[in-house]
Amino acid sequence: MIIAIDGPAASGKGTLAKAVAERLHLAHLDSGLLYRAVAKRLLDRGVSLDAEPEAQHVAAALDLSGLDPAALRGAEMGEAASRVAAYPTVRAALVHLQRNFALRPGGAVIDGRDIGTVIFPDAQVKLFVTASSEERARRRWRELVLGGSPLDFDAVLADIRRRDERDSTRSAAPLRQAPDAVLIDTTHLEPDAALDAALAVIAEKRDRQDEAASLSPRVL
Ligand code: CDP
C-alpha cells in the first residue's frame, strides 16, 4: 500500500507520516529531504540557488543513502529547498528516486507537497495535512527554541507564509490537495489524535480495497 501525505510547512505531516509508518511497519520517505539536500549541496559548493542547470545536475546525482537528516533540518535550508523545488528540471530529476522507494513489498509512506498529485497519483491512501499558519509558525518556533537556535516569532511566521506562497503558486507541481485526498486539519489536534484519524482513513480504504478484490470476477 502506498500512503501519500502532503501538506504545507509545519502542518504535522512529517510527524504523522513517521507515526503511520511505524504503526504499520512500512518504510517512510520524507521527500522534503531531497530538495533540502539539493539546496545544501549547491550552497556547500558555493553555487547560487539561482543556477537551475547545476541544481538539476545535483538532483540527478542524488541517492538516498547519502542523506543526513540532521544536517538538512533548519529554517534556512527549508527556505533554500523551496527555491530549488520550484525548478521543473529538479523535480523531474527526483521523480524516479521517489517512485523506486515505494517499489518494495508492502509499499511505503511518503510525505511532501506533490506526492498524491504528481509522484503517486494512484496512491491507495492520500492525506492532506494542514493547520492555520499561526499554529504552524508556533510549532516551528517552538522547535527552533528547543533546538537552541531561537528566532523571532514574526520572522518564523513570515518564513512560513513566504514558503506557502512560493510552494502553492509555482507552475511545477504546486502544493495543493488532490481531489481524492482526505483533509486532516491539525490546528486543534494533538499528534495522537491526528494518527487516529489517519489510521481510520487507512483502515476504511483497506476494507474497500478488500471488498473490491473479493467482488472482482476471477479468471479460472
Ligand atoms: O518540514 P517542512 O514542511 O518545513 O519542509 P520540507 O517538507 O522539508 O520541505 C522543504 C521544501 O521542499 C518545501 O518548502 C517545498 O518547497 C519543497 N518540497 C517540495 O516541493 N516537494 C516535496 N515533495 C517536498 C518538499
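Higher on the page you've got the structure.
Residues numbered from 1 in each chain as written. Predicted model: local features only at pLDDT ≥ 70, side-chain atom pairs only at ≥ 80, totals over all residues. Heavy atoms only, no water.

**Q** Help me get a handle on the environment of Ala 102, residues and values and all.
**A** Mapping Ala 102 onto the fold places it in helix α6 (residues 88–102). Owing to a relative accessible area of 7%, Ala 102 belongs among the buried residues under this scheme. (Helix = DSSP H or I, 4+ residues; strand = E, 2+ residues; numbered from the N terminus. Buried < 20%, exposed > 50% of the residue type's maximum accessible area, 1.4 Å probe, protein only.)

**Q** Break down the pairing of strand β1 (residues 2–6) for me, citing the residues and quoting the values.
**A** Most of β1 is tucked away: 5 of the 5 residues are buried. Alternating residues of β1 divide into Ile 2, Ala 4 and Asp 6 and Ile 3 and Ile 5, and every residue in both groups is buried. Here 5 bridges tie β1 to strand β3 (residues 108–112), and the two strands are oriented parallel to one another. What sits directly across from Ile 3, in β3, is Val 109. With 4 bridges joining them, β1 and strand β4 (residues 125–130) adopt parallel strand pairing. Its bridge partner being in β4, Ala 4 is matched across the sheet by Lys 126. (Pairing = 2+ DSSP bridges.)

**Q** Requested: an account of the site of the ligand, with residues and values cited.
**A** The environment of the ligand is formed by 19 residues, the closest being Arg 36, Arg 91, Arg 140, Arg 163 and Asp 167. Arg 36 places a side-chain nitrogen or oxygen 2.6 Å from an oxygen atom of the ligand. Here Arg 91 contributes a side-chain N or O atom positioned 2.7 Å from an oxygen atom of the ligand. Here the ligand, which alone exposes 530 Å², has 97% of that area covered by the protein. Mapped by element, the contributors of at least two residues to the shell around the ligand are α2 (32–44), α5 (75–84) and α9 (153–169). When residues in the shell around the ligand are grouped by element, the largest group, 3 residues, is from α2. The residue makeup of the shell around the ligand, split by class, is 5 nonpolar, 4 polar and 10 charged. (Near = heavy atom within 4 Å. Polar contact = N/O pair within 3.5 Å; in protein donor to acceptor, adjacent residues only side chain to side chain. Areas by Shrake-Rupley, 256 points an atom, 1.4 Å probe, with all protein chains shown as cover. Nonpolar A, V, L, I, M, F, W, Y, C, P; charged D, E, K, R; others polar.)

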